[in-house]
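Chains, contacts and geometry: an overview
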Amino acid sequence: MSTALSRAVLNRTVLSRIAVAGGVAASSVLLLSGTASAHVGVQPQGEAAQGGYATVNVKVPNERDDASTVKVEVTFPADHPLASVMPQPVPGWKIDVTRSKLAKPLELHGKKITDAVTKVTWTADGSKIGPGQFQQFPLSLGQLPEDTDRLVLKALQTYDNKQVVRWIEEPKDGQAEPESPAPVLKLSPAADGEHGAAAAGAKPGTTPEDKAGEKNDAGHQEAATSETSSTDATARVLGVVGILVGIAGVAFGVLAGRRRSA
């Protein structure tokens, strides 16, 4: 076999191996990014500011291929109780709101609040979240605490095969995401004067956030879904492009080295 022919065969072999490795790496990127996003989360519609009110979506994806989600339970933190938690009706789901007595009453709009919502449960009633699907459950929350920058909302997800997934592990700053992370609602700092406005008499359903949510819940939900999907897709594409660029660089270096040695 001639030197030129041997070199051509060798080059094709090297490129084939690189292509296979690149395909495996790209598949791994897509697989891992999909797995990382397949957990219960909470997303605000607009801003969730300290001391104010917000409308949020509890996003529940189905991570099983052979079962459907039929029940979702979200528990609210006892150390930062919310005087108002109002779920929006979701077709095909029954809603139960659990209230508990507070160890320390809250003062809100000049009134003393002795109990607060501690859990909201959605149970399938003619609907379910099937494989490859997700569902959003809107909530109006307030008054948001002023002494923390996030609320951890622990969740339980029940499937029709009786399996229960516990999304209750609290994420820690600077550490890797836990295997079953709890949904976290991040709170932004209140703008100047917002603390007083919230305490002086703003009521659930009368804030700009809630009014916008009442009028445009469907639009907000669609926008949130589109934005999330777009972000996920962009991250995956950029990851794959980066891998392919790296592979091309390696291939070029290998071929160039062999040409120089020849």
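Just above, that's the structure.
What counts and how
- Residues numbered from 1 in each chain as written.
- Predicted model: local features only at pLDDT ≥ 70, side-chain atom pairs only at ≥ 80, totals over all residues.
- Heavy atoms only, no water.
- Pairing = 2+ DSSP bridges.
- Helix = DSSP H or I, 4+ residues; strand = E, 2+ residues; numbered from the N terminus.
- Axes fitted to C-alpha atoms, helices over the stretch in contact; angles between N-to-C directions.
- Salt bridge = Lys/Arg side-chain N within 4 Å of Asp/Glu carboxyl O.
- Buried < 20%, exposed > 50% of the residue type's maximum accessible area, 1.4 Å probe, protein only.

**Points about the sheet that holds strand E7 (residues 134–142)**
Reading across from one edge, E1-E2-E7-E4 is the order of the four strands in this open sheet, with antiparallel pairing throughout. Each edge of the open sheet is held by one strand with a lone partner, namely strand E1 (41–44) and strand E4 (84–87). Averaged over all pairs of adjacent strands, the angle between strand axes in this sheet comes to 30 degrees, irrespective of strand direction. Pairing geometry for E4 and E7, over four bridges, is antiparallel. Each bridged residue has a counterpart across the sheet, and for Ser 84 the counterpart in E7 is Gly 142.

**Section: the pattern of salt bridges**
Enumeration according to the criterion identifies four salt bridges in this entry. Of the charged contacts, one joins Glu 63 and Arg 64 as a salt bridge, the two residues approaching to 2.9 Å between their closest N and O atoms. Of the charged contacts in the structure, one is a salt bridge between Glu 73 and Lys 119, with a shortest N-O distance of 3.4 Å. You can see Glu 73 sitting in strand E3 (residues 69–75) and its partner Lys 119 sitting in strand E6 (residues 111–124), a full 46 residues away along the chain. By relative accessible area, Glu 73 is classed as buried at 13%. Exposure remark for Lys 119: the relative accessible area of 26% places this residue in the partly exposed category.

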